[in-house]
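Okay, here's what each chain looks like letter by letter:
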Amino acid sequence: GAVVSQHPSRVICKSGTSVKIECRSLDFQATTMFWYRQFPKQSLMLMATSNEGSKATYEQGVEKDKFLINHASLTLSTLTVTSAHPEDSSFYICSASRLAGGGFTGELFFGEGSRLTVL
Amino acid sequence: LAKTTQPISMDSYEGQEVNITCSHNNIATNDYITWYQQFPSQGPRFIIQGYKTKVTNEVASLFIPADRKSSTLSLPRVSLSDTAVYYCLVGDMDAGNMLTFGGGTRLMVKP
């Protein structure tokens, strides 16, 4: 199956600093990647859709200036949490879909997740 | 978007068959049904996908009645390692709307 890798898996930072999380598709090209956030005991919440070579599309209520997304290549998308605060502490997960034949396979491939703790 | 409803939690014992049902009353014609499994502190993992009737793979079966307003994920002979949260997603991937996770079902398998 397709592999999506995230880095770092865990990060602890001080309040006010910025943190960058990388998401890579290792064995396929992903024109579109998705970023999710998950709080403890809760479901995944879609934050934004990252499109290669264009601006990301953010879900309602997600601050685009707070969560900067860059998708500069077909295998890499980055999420930068700017001026992080304790309430930004969460589990951030990226995913990608893979094209096959005439369209999407319908399967999302998820990274391992990145746990951010803001002190 | 088709909204999904699942039981919040379920308990089972090792070796039993577990059936988790998902309701999706307003499923659209082009929508597929996909199930994911998530372990703590990991990203979700694809289990199975279907459109109608029955789909079976090496880990699970998916039963979808004719009206497609619900679906049932069947896990045969569960083990302790099947303890996880199971999510049902409904949507049209080509249209980019198979991205919304519902509440999921937390399955606890006991010895």
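Keep in mind that this is a model prediction, so the values were computed, not measured.

J.: How would you explain the overall build of chain B if you had to name every residue and give the values?
T.: On a plain count of helices and strands, chain B comes out with zero helices and nine strands. For chain B, the succession of helices and strands along the chain, N to C, is β-β-β-β-β-β-β-β-β. In terms of C-alpha radius of gyration, chain B reaches 13 Å, essentially the compact-globule figure of 13 Å for 111 residues. Considering chain B as a whole, with its 111 residues, one finds that 47% of them fall into the buried category. Here chain B holds 9 positive side-chain charges and 9 negative ones, and the gap between their average locations is 3 Å.

J.: For the pattern of salt bridges, give the residues involved together with the corresponding values.
T.: Residues and elements named next belong to chain A. Using the criterion set out here, one finds three salt bridges over all chains in the structure. Linking aspartate 88 and lysine 66 is a salt bridge whose minimum nitrogen-to-oxygen distance equals 2.7 Å. Of the two residues, aspartate 88 sits in the loop between β8 (76–81) and β9 (90–100) while lysine 66 sits in the loop between β6 (57–58) and β7 (67–73), which places them 22 residues apart along the sequence. On the basis of relative accessible area, aspartate 88 is assigned to the buried category, the value being 5%.

J.: Explain the nonpolar core to me, and be specific about the residues and the numbers.
T.: Ranked by internal contacts, the top residues of the largest apolar core, which has 26 residues, are A:Val4, A:Phe28, A:Trp35, A:Phe67, A:Leu79, A:Tyr92 and A:Leu116. Among the secondary structure elements, those contributing two or more residues to this core are β2 (10–13), β3 (19–25), β4 (32–38), β5 (45–51), β7, β8, β9 and β11 (114–118) of chain A. Excluding its chain neighbours within four sequence positions, the residues that come into contact with A:Leu79 are A:Val19, A:Lys20, A:Ile21, A:Trp35, A:Phe67, A:Leu68, A:Ile69 and A:Tyr92. Membership of the second largest hydrophobic core comes to 20 residues, among which are B:Trp35, B:Ile64, B:Leu75 and B:Val78.

J.: Please provide a residue-by-residue account of the sheet that holds strand β2 (residues 18–23) of chain B, values included.
T.: Residue and element names in this part refer to chain B. With respect to topology, four strands assemble into an open sheet ordered β2-β7-β6-β5, the strand pairing being antiparallel. Two strands bound the open sheet, and with one partner strand each, they are β2 and β5 (53–56). Neighbouring strand axes in the sheet, compared pairwise and without regard to direction, differ in orientation by 15 degrees on average.

J.: Could you give me a rundown of the interface of chain A and chain B, with the residues and numbers involved?
T.: Contact residues are listed per partner, giving 22 residues for chain A and 18 residues for chain B. Between chain A and chain B, roughly 1,500 Å² of surface is buried when both sides are summed, and carbon and sulfur atoms account for 57% of that area. There are zero salt bridges connecting chain A and chain B. Listed by contribution, the elements that provide at least two residues to the side of chain A that touches chain B are β4, β5, β9 and β10 (103–110) of chain A.

J.: Kindly report on the pairing of β3(A), identifying the contributing residues and their values.
T.: All names here are of chain A. Judged by which residues are buried, β3 turns out to be one-sided: Val19, Ile21, Cys23 and Ser25 face inward and are buried, whereas Lys20, Glu22 and Arg24, on the alternate face, are not. Bridging between strand β1 (residues 4–7) and β3 involves four bridges; their strand directions are antiparallel. Considered in β3, the bridge of glutamine 6 is made with cysteine 23. Pairing of β3 with β8 involves six bridges; the strand directions are antiparallel. Within the sheet, the bridge partner assigned to cysteine 23 lies in β8 and is serine 77.

Procedures and definitions
Residues numbered from 1 in each chain as written. Chains lettered and ligands numbered in written order. Predicted model: local features only at pLDDT ≥ 70, side-chain atom pairs only at ≥ 80, totals over all residues. Heavy atoms only, no water. Helix = DSSP H or I, 4+ residues; strand = E, 2+ residues; numbered from the N terminus. Rg over C-alpha atoms; globule rule 2.2 N^0.38 Å. Buried < 20%, exposed > 50% of the residue type's maximum accessible area, 1.4 Å probe, protein only. Lys, Arg positive; Asp, Glu negative; His and termini not counted. Charge placed at Lys NZ, Arg CZ, Asp CG, Glu CD. Salt bridge = Lys/Arg side-chain N within 4 Å of Asp/Glu carboxyl O. Core = buried A, V, L, I, M, F, W, Y, C linked by side-chain atoms within 4.5 Å. Contact = heavy atoms within 4.5 Å. Pairing = 2+ DSSP bridges. Axes fitted to C-alpha atoms, helices over the stretch in contact; angles between N-to-C directions. Buried area = accessible area lost by both parts, 1.4 Å probe.

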